[in-house]
Amino acid sequence: FRQDRDLVFEALKSNGSALKYASDEFRQDRELVFGAVQSKGIALEHASESLRQDRDLVLAAVRNDFMALKHASEELRQDRDLVL
């Protein structure tokens, strides 16, 4: 399960929380993580550090669940446009 990208993608689209069970490789995959945060914004917690710096991805997460902002990079947490 953890290595089958298509299966992981479908699981994440329906339940973003499943990202915590994905391999490190998948936690770095922008498309997979984007699907996860659109489903459950707080899944940003399990994304790779580099993706927590991705403004578009963080914005999608925050739009789904404002609490996801606490898992964004420090720089993005200070981004006034993102916070408002």
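Above: the structure in question.
So, how was this worked out
- Residues numbered from 1 in each chain as written.
- Predicted model: local features only at pLDDT ≥ 70, side-chain atom pairs only at ≥ 80, totals over all residues.
- Heavy atoms only, no water.
- Axes fitted to C-alpha atoms, helices over the stretch in contact; angles between N-to-C directions.
- Helix = DSSP H or I, 4+ residues; strand = E, 2+ residues; numbered from the N terminus.
- Parallel < 35°, antiparallel > 145°, perpendicular 65-115°, else oblique.
- Left-handed = near helix turned anticlockwise from the far one by under 90°.
- Contact = heavy atoms within 4.5 Å.
- Nonpolar A, V, L, I, M, F, W, Y, C, P; charged D, E, K, R; others polar.
- Salt bridge = Lys/Arg side-chain N within 4 Å of Asp/Glu carboxyl O.
- Buried < 20%, exposed > 50% of the residue type's maximum accessible area, 1.4 Å probe, protein only.

### Some words on the packing of helix 3 (residues 30-39) against helix 4 (residues 55-64)
Consideration 1: Relative orientation of the contacting elements helix 3 and helix 4 amounts to 20 degrees, with a least axis distance of 7 Å. Comparing the axis directions of helix 3 and helix 4 gives the class roughly parallel. When you trace helix 3 past helix 4, the crossing you get is left-handed. Contacts between helix 3 and helix 4 involve Arg-30, Val-33, Phe-34, Val-37, Gln-38 and Ser-39 from the first element and Asp-56, Leu-57, Ala-60, Ala-61 and Asn-64 from the second.
Consideration 2: When its residues are assigned to classes, the contact of helix 3 with helix 4 shows 6 nonpolar, 3 polar and 2 charged.

### Brief notes about the pattern of salt bridges
Opposite charge on two side chains lets them pair, provided their charged atoms get close.
Consideration 1: Taken as a whole and assessed by the stated rule, the structure comprises 7 salt bridges.
Consideration 2: Linking Arg-5 and Glu-31 is a salt bridge whose minimum nitrogen-to-oxygen distance equals 2.8 Å. Of this pair, Arg-5 sits in helix 1 (residues 5-14) while Glu-31 is found in helix 3, placing the two residues 26 residues apart along the sequence.
Consideration 3: One salt-bridge network, held together by shared partners, links Arg-5, Asp-29 and Glu-31.

### Here we look at the environment of Ala-18
Consideration 1: Turning to its location among the elements, Ala-18 is positioned in the loop between helix 1 and helix 2 (24-27).
Consideration 2: Using a relative accessible area of 15% as the deciding quantity, one classes Ala-18 as buried.
Consideration 3: Distance in space between the C-alpha atoms of Ala-18 and Lys-40 is 9.5 Å, their sequence separation being 22 residues.

Such coordinate-based values are descriptive only and should not be taken to indicate function.
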